[in-house]
Amino acid sequence: MTTIGDSGGRLFAIVRCQDGKLVNLCPGPSPGGHCSRTEAGQVPCAGARVMPLRGTTADGLPFSVAADATGPRCPLDWIDR
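(A) Region of interest: the packing of aromatic side chains. If you walk through the whole model with that rule in mind, you get one aromatic pair. When the ring of Phe63 is compared with that of Trp78, the centres are 5.3 Å apart and the planes differ by 75°; the resulting orientation is edge-to-face. On the criterion of sequence distance, the pair formed by Phe63 in strand β5 (residues 63–64) and Trp78 in the segment after β6 (70–71) is long-range, its members being 15 residues apart. Note on Trp78: relative accessible area 39%, which makes it partly exposed.

In structure tokens:
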């Protein structure tokens, strides 16, 4: 699990699609839209369900991230657009 750091108070839950078990927490994209967890390669939420928990206009609305999602762009950067 990570600390929230400089994410503006945002928090996302990453859960397994199969059983809904919480596998990680994430602060979401950096101000530039990059994944805070990877420079290149698969992002930590690839193939999972993500639920914005706080700090976004989409709080409580779960969505899936493609299993082949790669960085450095964060698949959650659409929330800031």
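(B) Expanded view of the pattern of salt bridges. Going through the model one piece at a time under the given rule, you end up with two salt bridges. Arg16 serves as the salt-bridge partner of Asp19, at 2.7 Å between the closest nitrogen and oxygen. Owing to a relative accessible area of 35%, Arg16 belongs among the partly exposed residues under this scheme. Residue Arg73 pairs with Asp77 through a salt bridge whose shortest N-O separation is 2.7 Å. The class for Arg73 is partly exposed, based on a relative accessible area of 42%.

About the cut-offs
Residues numbered from 1 in each chain as written. Predicted model: local features only at pLDDT ≥ 70, side-chain atom pairs only at ≥ 80, totals over all residues. Heavy atoms only, no water. Phe/Tyr/Trp six-rings, centres within 6.5 Å; stacked < 30°, edge-to-face > 60°. Helix = DSSP H or I, 4+ residues; strand = E, 2+ residues; numbered from the N terminus. Buried < 20%, exposed > 50% of the residue type's maximum accessible area, 1.4 Å probe, protein only. Salt bridge = Lys/Arg side-chain N within 4 Å of Asp/Glu carboxyl O.

Geometric descriptors of this kind do not, in isolation, establish any biological role.
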